[in-house]
Amino acid sequence: MNTFKKGVHMDIKVWMYLIYLAVSVGLTIWVARALSRNGQVFLEEVFAEERLARAVNSLLVVGFYLLNLGYVTVAMKHSDPVESTSQAMEELSLKIGLVLLVLGALHFFNVFALGRYRRNRLRQLATHPPIPPIGRLPMPSAPPGSQLVGAYPAGPQPTGGYPAGPHPAGPQPAGPQPGTGPASNPPTR
């Protein structure tokens, strides 16, 4: 009787292992294909060269398979005896849930690393800073006592009619500005 009971427990455990392997390997293949197919467009934009993007995509898929299938096989072992089908289902759901978490973590790590690489590459390509503005636009004059729509609140204004603090158009370059100084107002004779 004891050998029969031990044989039944082993059968439940073997079935649990087989279902675990089938679901985990199936999920790994499905996710790897989806990431490979949809990630190709992202990689082409990141690397700006189709041949390099295809090569990196293939390497990422191989690494994904190795890491995930390695985890699936290491996490398969269950040393405690499985007494019932419900216990086998609980253990199976725990193991498959961990596989899904590993799949998600690998995916987000890849996206994060490639996004960082893309930002660094774009930063390196942007060799020239943006051109600073040449001057300031004149503020429209308003009749006394009225306020323009979107204008600054009434009250004492610093010189030039601009509010204190940085100019709304951004930082201004140092040095003489066009339209100001002796060059723009030639002396009268």
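Structural data are supplied above this passage.
Treat the numbers as computed from the prediction; the structure is a model and nothing was measured.

(A) The nonpolar core, seen in detail. Judged by nonpolar contacts, the single largest core of 15 residues is most densely connected at Y20 and F64. Contributions of two or more residues to this core are made by α1 (2-47), α2 (50-74) and α3 (85-125). Considering each element in turn, this core owes the most residues, six residues, to α3. Not counting residues within four places of it along the chain, the set of residues in contact with Y20 comprises Y71, V72, A75, M76, L92, K95, I96 and V99. In this structure, L43, F47, V56 and L114 belong to the second largest nonpolar core, which totals six residues.

(B) Representation of α3. In a regular helix each residue adds 1.5 Å, so 41 residues correspond to 60 Å; α3 covers 60 Å between its end C-alpha atoms and thus fits that length. Listing the buried residues of α3 in full gives A88, E91, L92, K95, I96, V99, L103, L106, L114, G115 and R121.

(C) How the structure looks around the layout of surface pockets. Roughly 220 Å³ of internal volume is contained in the second largest pocket. Considering the residues around the second largest pocket, the lining is formed by 15 residues, among which L35, G39, L60, N110 and L114 are closest to the centre. Counting only elements with at least two residues in the lining of the second largest pocket, the list comes to α1, α2 and α3. Considering every element that reaches the lining of the second largest pocket, the biggest residue donor is α1, with seven residues. Broken down by class, the residue content of the lining of the second largest pocket amounts to nine nonpolar, six polar and no charged.

About the cut-offs
- Throughout, a residue's number is its position along its own chain's written sequence, starting from 1.
- Only residues with pLDDT of 70 or above have their local features reported here, since the model is predicted, and side-chain atom pairs are shown and tallied only from 80 upward, although totals for entire chains, interfaces and linings are computed over all residues.
- The side-chain numbers reported here are obtained from all heavy atoms of the structure, hydrogens and water having been left aside.
- What is meant by a nonpolar core is a set of buried Ala, Val, Leu, Ile, Met, Phe, Trp, Tyr and Cys residues, joined one to another through side-chain atoms within 4.5 Å.
- Accessible area is worked out with a 1.4 Å probe on protein chains only. A residue is then buried under 20% of its type maximum, exposed over 50%, and partly exposed in between.
- Numbering goes from the N terminus for both helices and strands, where a helix is a DSSP run of H or I of at least four residues and a strand is a run of E of at least two.
- It only takes one pair of heavy atoms within 4.5 Å for two residues to be counted as in contact.
- In this analysis, the expected span of each helix is defined as 1.5 Å times one less than the number of residues it contains.
- Buriedness for pockets is judged along seven lines, at least five of which must meet protein on both sides within 12 Å for an open set on the 1 Å grid over protein atoms alone, while cavities are sets there where a 1.4 Å probe fits but cannot get out, and lining residues have an atom within 4 Å of a point.
- Grid points are joined across faces, edges and corners, and a volume is the space filled by probe spheres set on the points.
- Residues are grouped as follows: Ala, Val, Leu, Ile, Met, Phe, Trp, Tyr, Cys and Pro are nonpolar; Asp, Glu, Lys and Arg are charged; all remaining types, including Gly, are polar.

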